[in-house]
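# A closer look at the structure
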Amino acid sequence: MQVFNSRNKNYKSIISAIATDEKCKLRLVVPRNCGCSRAVLVITKEGENAVYYDMFWAGMCGDDREYWELHFSASDSGLYFYHFELDTPWGKSFIKNIGGGIGDFSIDGTEFQQTVYDKNFRTPDFIKGGIIYQIFPDRFYNSGTEKKNKFESRVMRKWAEEPFWREDQMNGIWNNDYFGGDLKGIEEKLEYIASLGVTCIYLNPIFEAHSNHRYDTADYEKIDCLLGDEKDLENLCKTAKEKYGISIILDGVFSHTGCDSKYFNMYGRYDSLGAYNSKESPYYSWYKFIDYPDNYHSWWGISLLPELIEEDESYRNYICGKDGILRKWLRTGISGWRLDVADELPDIFLDDLRTAVKEENENALIIGEVWEDATTKFAYGDRRRYLLGDQLDSVMNYPFADAILNFVRFGNANYFCDCVMSIVENYPPQVLNVLMNHIGTHDTERAITRLAGTDCTDKDRDWQYENNTLSSYNYIKGISMMKMASLIQFTLPGVPSIYYGDEVGIQGMRDPFNRACMEWENQNTELLKWYKRLGEIRRGCKALIDGEIEFLHADDSSLAYVRKSNDNSVLVAVNNNEEEAGIYVGREWDNSYAFFDFICNNGVITLPPKRYTMLSKNN
């Protein structure tokens, strides 16, 4: 028996962040032979002094152990760190985190973390239990509509050709090849998207910009001419919502603009007086000049992307004001924003952004791009407060993505369990239920390539080009691995996000190979059928909306976990070993409904190598 376990309800009544003024019961199970005369919770709010709370003796646990308990609550949101101290005849003993949430006698262990969020914090319901579909607009579908007011520097390509990747192909103008995907094309494919069970589409940037990725915004007030116009966006939002129940969220790139923009205007393309043109520009105060005009701070040192001063009042008003950019596009019918590099946006900007978005539509969604645990992130010299109730609703869940892909590829079940439970333990439950759970995006290699291909870390584009296509054997293996990965992805807390084309087996290393045109002709129908089945399963299982997660088994390369709500429980068991595995889950799962081939018999699920199952029962 353990002394303490922050991930077990026998020791901690709430295995997640807690709300302000919410009581959480903490329990120690102390060996009687310790001679404990006093047990103390030592808890420190970050930046403040430690506070000592006496625990009370709560009786015996068997013949040789005893309970010490207390209820903890906090009136202020923030991060709290704690351990326990015991007075014994031999001096003071410390109970700290020795890993995996397990508390034991240790001087060198770490502190436990308790996140406390504002009790008034709510996240939008429309996304819960759904599925997100991410689209890179230029590469999804070309409606054939004539592209008007096209810029001369853009090179139009034939659909399904290989994206430019060599410098000589681009003639010195990076990312200037376009395939003509547009908003009307997305609208034409809504029926296909809906067939996957999708309830929300996330679009990579659609505002006027002079690269195919459009992360170098030129004009926040205009849709890029190749994609359509404001009316096309309104029609897409209206049709998606009314006919298919699908919401649309946009990518907000607010940490930098393009140098070729109406705000900076390095090349004089625009009639506006840009910050590069004159210190009298209305946009001059937005940028971080070192030696005017040619030396300025830029995003990751890329001179094409001059950094913005988000603290600047005029810039904040332009984006977050009463008639600012955020509200303008919410009024067209979008349902929220995904914030590019959210960890590079200061608190004052994020505070204003949330106020603007929620005043315009309290049910709008705000997702931040944060690659780490968003409760422990440091940026701008401070611990960030993204998920405490007054900034983000959700983040892109890279910790889950890495955990899933590493488990399917390498098979360490204990590492997977620890990664998942660390996020479960630290995040507010209402955030956990709306996390954007992807396994691949426009910033990473394609999921099937990461699973079955060669690691491309630190490899240049020439190497990636040579290794961009899987062998026939590895592709077939990759399809099997994608099924296992997506089953886990679709059943963990949060909302699964499909990067366009992953559902039909599109391969690709990193940018630009991961941004190839959507395959509409030669799709892997086996994988597509699988994804449609997963979509059906999510619609039918209430436990996947907001059910708590509990791991029943995590050993070697096999695991089993349960999602449990008031009405429904779902069990997922996976054997990623090369040998058959029998996984004990309990007799209560006998006679439950099996979505796949393998059932529970006498409390045991027997799975062949590299196989999985999913069971469901009403509570």
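Everything below is about the structure printed above this text.
Remember, predicted model here, so these are calculated numbers, not experimental data. One numbering rule holds for all chains: residues counted from 1, following each sequence as written. In keeping with the predicted nature of the model, local features appear solely for residues at pLDDT of at least 70, side-chain atom pairs appear and are counted solely at 80 or more, and the whole-chain, interface and lining totals rest on all residues. To obtain the side-chain values, all non-hydrogen atoms of the structure were used and water was disregarded.

## Quick notes on the sheet that holds strand β22 (residues 365-368)
Taking strand neighbours across the sheet as the criterion, the eight strands line up as β25-β22-β21-β18-β15-β12-β27-β26 in an open arrangement whose pairing is parallel. Edge positions in the sheet fall to β25 (394-395) and β26 (436-438), since each has one partner strand and no second. Strands pair, by our definition, only if DSSP identifies at least two bridges between them. To qualify as a helix, a DSSP run of H or I must reach at least 4 residues; to qualify as a strand, a run of E must reach at least 2; elements of each kind are numbered from the N terminus. Relative to strand β15 (residues 200-203), strand β12 (residues 132-135) runs parallel, the two being bridged by four bridges. Within β15, the position partnered with Tyr133 by the bridge is Ile201. Most of the contacts of helix α7 (residues 347-360) go to β22, to which it runs at about 155°, and overall it touches β21 (336-339) and β22. Residue contacts are counted whenever heavy atoms from the two residues lie within 4.5 Å of one another. To get an axis, a line is fitted to the C-alpha atoms, and for a helix only the part in contact is used. The angle between two axes follows their N-to-C directions and goes from 0 to 180 degrees.

## Examining unusual backbone geometry
For the bond from Tyr292 to Pro293, the omega torsion is 0°, close enough to zero to count as cis. The topology assignment puts Pro293 in the loop between β19 (289-291) and β20 (295-296). Between Asp511 and Pro512 the backbone carries a cis peptide bond, its omega angle lying at 5°. With respect to the helices and strands, Pro512 occurs in the loop between β27 (495-499) and α14 (525-540). The phi dihedral of Ala160 falls on the positive side, at around 80°, and the residue is not glycine. As for its placement among the helices and strands, Ala160 is situated in the loop between β13 (155-156) and α1 (167-170). Three labels apply to residues, based on accessible area from a 1.4 Å probe with only protein chains included: buried if under 20% of the type maximum, exposed if over 50%, partly exposed otherwise in between. Classification of Ala160 as exposed rests on a relative accessible area of 57%. With a phi angle near 60°, Asn265 is a residue other than glycine that sits in the positive phi range. In this fold, Asn265 is placed in the loop between β18 (247-252) and β19. Owing to a relative accessible area of 2%, Asn265 belongs among the buried residues under this scheme.

## Quick word on α7
Relative to the 20 Å expected for 14 residues at 1.5 Å per residue, α7 spans 20 Å between its end C-alpha atoms, a close match to the ideal helical length. Taken together, the buried positions of α7 are Asp347, Phe349, Leu350, Leu353, Arg354, Ala356, Val357 and Lys358. By this rule, a helix spans an expected 1.5 Å times one less than how many residues it contains.

## Brief notes about the environment of Phe121
Residue position: Phe121 is located in the loop between β11 (112-117) and β12. Look at Phe121 and you get buried, because its relative accessible area is 2%. Between the C-alpha atoms of Phe121 and Leu388, which are 267 residues apart in sequence, the distance is 7.6 Å. Setting aside residues up to four positions removed in sequence, Phe121 forms contacts with Arg354, Leu387, Leu388, Gly389, Leu392, Asp393, Pro428, Gln430 and Val431.

## Some remarks on the side chain of Arg446
The topology assignment puts Arg446 in the loop between β26 and α11 (447-452). Polar contacts, as counted here, are pairs of nitrogen or oxygen atoms within 3.5 Å of one another; within protein the pair requires one atom able to donate a hydrogen and one able to accept it, and residues that are adjacent in sequence qualify only if both atoms are side-chain atoms. Polar contacts involving the side chain of Arg446 include one to the main-chain carbonyl oxygen of Asn514, which spans 3.3 Å. The contact partners of Arg446, leaving out residues within four places of it in the chain, are Tyr499, Tyr500, Gly501, Asp502, Ile506, Gln507, Gly508, Met509, Asn514 and Ala516.

## Some remarks on the pairing of strand β7 (residues 65-72)
Strand residues, when the strand is regular, have side chains that alternate between the two faces of the sheet. Of all eight residues that make up β7, seven are buried, and the element is covered over most of its length. Two elements, strand β3 (residues 24-31) and β7, share eight bridges in a ladder whose sense is antiparallel. Bridge assignment links Arg27 to a residue of β7, and that residue is Glu69. Hairpin connection of strand β6 (residues 56-61) to β7: three residues between the antiparallel strands, including Gly62 at a positive phi of 75°.

## Things to note about the pattern of salt bridges
Opposite charge on two side chains permits them to pair, given that their charged atoms come into close proximity. We count a salt bridge whenever a side-chain nitrogen from Lys or Arg sits within 4 Å of a carboxyl oxygen from Asp or Glu. With the rule as written, the count across this model stands at 56 salt bridges. The partner of Lys147 in a salt bridge is Asp182, and the shortest N-O contact between them spans 2.3 Å. Placement of the pair is Lys147 in the loop between β12 and β13 and Asp182 in the loop between β14 (177-178) and α2 (183-188), with a sequence separation of 35 residues. As far as the burial class goes, Lys147 and Asp182 line up, both buried.

## Notes on the sheet that holds β6
On the basis of which strands lie adjacent, the open sheet formed by three strands has the order β3-β7-β6 and antiparallel pairing. The open sheet has two free edges, formed respectively by β3 and β6, since each of these has just one partner strand. Strand-to-strand twist in this sheet, taken as the mean axis angle between neighbours without regard to direction, amounts to 30°.

## A closer look at the nonpolar core
Counting residues in hydrophobic clusters, the biggest one holds 131 residues, and the most contacted among them are Tyr133, Phe254 and Trp337. The biggest single contributor to this core is helix α13 (residues 472-491), with nine residues. Counting 29 residues, the second largest nonpolar core, distinct from the first, contains Val30, Cys36, Met55 and Ile95. In this text, buried Ala, Val, Leu, Ile, Met, Phe, Trp, Tyr and Cys residues form a nonpolar core when linked through side-chain atoms within 4.5 Å.

Just geometry here; none of it tells us what the structure is for.
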